[in-house]
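Here is how the chains run, residue by residue.
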Protein chains: 2
Amino acid sequence: MSSGSVAIFEEGPREGFQSEPPGIPTSQKIRLIEALAATGLSEINCCSFVDAARVPQMADAETIMAQLHRLPNVRYTGLWLNLKGFQRARASGADMKAVLVASASETFGLRNNNKTRAQLIDSQRALGSAYKDAGIDRVAGYVFTAFGCNYEGAIPVSNVTRSVQDLMTLGEECDLSFETMVLCDTIGVASPNGIARVIDAVRDRWPELDVALHLHDTRGMGMANALVGLQLGIRRFDASVAGLGGCPFAGNTAAAGNICTEDLVYLCHEEGFETGIDLSKLIACGLMAEEIVGRRLPGKIKDVRSL
Amino acid sequence: MSSGSVAIFEEGPREGFQSEPPGIPTSQKIRLIEALAATGLSEINCCSFVDAARVPQMADAETIMAQLHRLPNVRYTGLWLNLKGFQRARASGADMKAVLVASASETFGLRNNNKTRAQLIDSQRALGSAYKDAGIDRVAGYVFTAFGCNYEGAIPVSNVTRSVQDLMTLGEECDLSFETMVLCDTIGVASPNGIARVIDAVRDRWPELDVALHLHDTRGMGMANALVGLQLGIRRFDASVAGLGGCPFAGNTAAAGNICTEDLVYLCHEEGFETGIDLSKLIACGLMAEEIVGRRLPGKIKDVRSL
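Below, the structure is looked at part by part.

Calculation criteria
- Residues numbered from 1 in each chain as written.
- Chains lettered and ligands numbered in written order.
- Predicted model: local features only at pLDDT ≥ 70, side-chain atom pairs only at ≥ 80, totals over all residues.
- Contact = placed C-beta atoms within 7 Å.
- Helix = DSSP H or I, 4+ residues; strand = E, 2+ residues; numbered from the N terminus.
- Nonpolar A, V, L, I, M, F, W, Y, C, P; charged D, E, K, R; others polar.
- Pairing = 2+ DSSP bridges.
- Axes fitted to C-alpha atoms, helices over the stretch in contact; angles between N-to-C directions.
- Left-handed = near helix turned anticlockwise from the far one by under 90°.
- Core = buried A, V, L, I, M, F, W, Y, C linked by C-beta atoms within 7 Å.
- Buried ≥ 20, exposed ≤ 12 C-beta atoms within 10 Å, placed from the backbone.
- Least-squares fit on C-alpha atoms with pLDDT ≥ 70 in both.

Some words on the interface of chain B and chain A
- Each partner contributes to the interface: chain B provides 29 residues, whereas chain A provides 29 residues.
- Where the side of chain B that touches chain A is concerned, the elements lending two or more residues are helix 9 (192–205), helix 10 (222–231) and helix 11 (261–270) of chain B.
- Element by element, the count of residues in the side of chain B that touches chain A is highest for helix 11 of chain B, at four residues.
- Split into classes, the residues belonging to the side of chain B that touches chain A amount to 12 nonpolar, nine polar and eight charged.

What follows is the structure in C-alpha cells.
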C-alpha cells in the first residue's frame with residue numbers, strides 16, 4: 001500500500017563536493033553522478049556555475065556537463081547565482097533548474113549575498129527576465145534561513161511569509177510561476193515544532209504552493225524534521241548522498257551537510273512512500289562518495305552491511 | 001509553556017563503555033558518571049555486574065560503585081543478568097533498578113541469552129522472588145527486539161504483546177508491579193510507522209502501563225523514532241551520552257549505540273518538554289566521552305560550538 005510519491009533532489013555532487021577541499025578529480029565526480037542517476041533519482045545537482053577563482057572546487061562545471069553520459073528521464077542540473085552563471089549553465093547543456101532566492105534573515109542575506117532584502121530581490125529581476133527569454137516559465141523559489149539564522153537567531157514566521165511574498169511578487173513581475181517553494185534550514189537549526197509552524201503559515205496563505213524542504217543535519221534533527229514534513233504532506237526534499245557536505249575540517253562540523261539521501265529514502269519507503277529509487281544502488285553510491293572523499297561520511301544506512 | 005516532563009535513563013557508562021575495547025581507566029568512567037550526574041540526569045546506568053572473564057570491560061563494577069561521589073536525587077544503577085549479578089549489585093551499594101526481560105524474537109533470545117522464550121521467563125522466576133525478598137516491589141520490564149530482529153526480520157506486533165503478557169504474568173507470580181515497560185529497538189531497525197504500531201498495540205491492551213523506548217540509531221531513524229514516541233505520549237527514554245556505544249571497529253557500525261542523550265534533550269526542549277537537564281553541561285559530557293574513548297562519537301549537538 002503506497003502513501004504516495006516523494007521526489008528527492010540530489011545535492012551531493014554540487015553542495016557536497018563544493019564543501020570539500022579542491023582537488024577531487026572530475027572523473028570521480030562524473031562517476032558518482034552517473035551512479036546516482038542509475039539509482040532512479042530523477043534530479044541531480046551536478047555542479048555550480050560560479051567564479052572558479054573563488055570556488056575552485058567547481059571549476060570543472062562545464063567539463064562535467066560535457067563528459068557526463070546521460071540517462072533519459074534524469075535532470076542533470078547546476079547552480080548559478082547570477083546572469084553570467086545562468087548563461088554558462090545554458091551553454092553547458094545542463095538541464096535547467098531556474099531558481100529565485102530570498103533570505104528570511106536579512107543579516108544572513110547581507111553576509112551571504114552582500115545584499116539587503118530589497119537588493120537581493122532587485123538583483124534577480126534581470127535573471128527572471130532572462131529565464132523568460134530562454135523559454136522558462138516555471139522556477140523554484142528558495143527561502144534561506146527559514147527556520148533560524150546563526151546571526152539573528154530565531155526567525156519570526158512573518159519573515160518567512162514576507163520572503164515568500166517577495167518571491168511571488170518577483171515571479172509575477174517576470175511572468176514566472178513556481179513549481180516549488182523550498183524552505184531551507186540553511187544552518188541546520190530547525191526542530192520539528194518550528195518546521196510545522198513555518199509550513200502551516202506558508203500553506204495557510206498559499207495553499208496551492210508545492211512546498212519543499214531543504215534540511216541540514218547539524219543538530220541531529222534532520223530525519224525528525226523530514227518526518228514532520230512527511231506528516232504534513234511535504235512530498236519534495238533536497239538531500240545529499242551519504243550526507244556529503246558541510247565542512248570536513250575537525251572542529252568545524254557546525255556546518256553539517258544536507259540530510260543523507262539514502263537515509264531519507266529508507267524513511268520514505270518505511271513510511272509507505274514511493275521514491276522510484278533503488279535503495280541498494282543508492283547505498284553503493286554512499287560508499288562510493290566516502291571512497292572519493294577518503295573519509296567516513298555521516299549517513300547511517302550505508303554502514304549497515306546486512307541491509 | 002511546558003508540554004510536560006520527559007525522563008531520560010543514561011546508558012552511556014554501561015552500554016557504551018561495555019561496547020568499547022577493554023582498558024578504559026576506572027577513574028575516567030567515574031569522572032564521566034560524576035559529570036553526568038551534575039547535569040541534572042536523574043538515573044545513570046554505571047556498570048554491569050556480569051562475568052569479568054567474559055566482559056572484562058565491566059570488571060571494575062564494584063570499584064566504580066565504591067569510589068563514586070554521589071549526588072542526592074540521582075540513581076546510580078547497574079545491570080545484572082542473573083541472581084549472582086543481582087547479589088553483587090546489592091552488595092556494591094548500587095541503586096536498585098530491578099529488571100525483568102523478554103525477547104519478542106525467539107531467535108534473538110536463543111542467540112543472545114541461549115534460552116527459548118519459555119526458558120527465558122522461567123529463568124527469571126528466582127530473580128523475581130529475590131527482588132521481593134529484597135523489598136523491591138516495582139520493576140522495569142524490557143522487551144528486546146520489539147521492532148525487528150536481525151535473525152527473524154520483521155516481528156509481528158502480536159509477538160511484542162505476547163512478550164509483555166509473559167512479563168506481566170511473571171510479575172503477578174512474583175507479586176511485582178511494573179514502573180515502566182521498555183520497548184527496545186535492540187538492533188536499530190525501527191521506523192516511525194513501526195514505533196507507532198507497536199506502542200498503540202501495547203497501550204490498547206495495557207493502558208495503565210508507563211511505556212518507554214530504548215532506541216538505537218543504526219539506520220539514522222533514532223531521532224525521528226523518538227519524535228514519534230513524544231507525539232504518542234511517551235515520556236521515558238533510554239539514551240547514551242554522545243551516542244556512545246555500538247562497535248567502534250571499522251565496518252561493523254551496524255551495531256550503533258543508543259540515541260544520543262544530548263541530541264534527545266535538545267529535541268525535548270525544542271518540543272517544549274522539560275527534562276531537568278542542563279544541556280550545556282551535558283554537551284560538555286559528550287565531549288568528555290569523546291576524549292575518554294579517543295575518537296569522534298556520533299552525537300551532533302556537541303559538535304556545534306556556537307550553541
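Picking up after the structure, the text goes on.
Details of the sheet that holds strand 5 (residues 99–103) of chain A
All names here are of chain A.
- Spatial ordering of the open sheet is given by 4-3-2-9-8-7-6-5, a layout of eight strands whose pairing is parallel. Edge positions in the sheet fall to strand 4 (75–79) and strand 5, since each has one partner strand and no second. On average, adjacent strands in this sheet sit at an angle of 25° to one another, irrespective of strand direction.
- Contacting strand 2 (7–10) and strand 9 (236–239), helix 11 (residues 261–270) crosses the sheet at an angle of about 175° to strand 2.

With respect to the packing of helix 9 (residues 192–205) of chain A against helix 10 (residues 222–231) of chain A
Residues and elements named next belong to chain A.
- At a minimum axis separation of 9 Å, helix 9 and helix 10 run at an interaxial angle of 35°. The element helix 9 and its partner helix 10 pack so that their crossing is right-handed. For the pair helix 9 and helix 10, the contacting residues are P192, I195 and A196 in the first and A224, N225, V228 and G229 in the second.
- Here the contact of helix 9 with helix 10 is built from residues that sort into five nonpolar, two polar and no charged.

Regarding the nonpolar core
- Residues V143(A) and V143(B) are the most contacted members of the largest nonpolar core, which totals 190 residues.
- Once residues within four sequence positions are removed from consideration, V143(B) is found in contact with A102(B), A104(B), V160(B), S163(B), V164(B), M181(B), V182(B), L183(B) and C184(B).

Side note on the relation of the copies chain B and chain A
- Overlaying chain B on chain A yields an RMSD of 0.0 Å, the required transformation being a rotation through 180° with an accompanying axial translation of 0.0 Å. On the angle and the small slide along the axis, the relation comes out as a two-fold axis. Using C-alpha coordinates, one finds that chain B approaches the rotation axis most closely at A224(B), a distance of 1.9 Å.
- Looking at the interface residues of chain B, 100% of them are also at the interface in chain A, so both copies use one shared face.

Here we look at unusual backbone geometry
Residue and element names in this part refer to chain B.
- Of note, the phi angle at T145 is positive, near 50°, even though the residue is not glycine.
- For T145, a count of 28 C-beta atoms within 10 Å corresponds to the buried category.
- Positive phi, normally seen in glycine, also occurs at D175, with a value near 60°.
- Summarising the element assignment, D175 is placed in the loop between helix 8 (157–173) and strand 7 (177–184).

Fair warning: the whole summary comes from geometry, so function is off the table for now.
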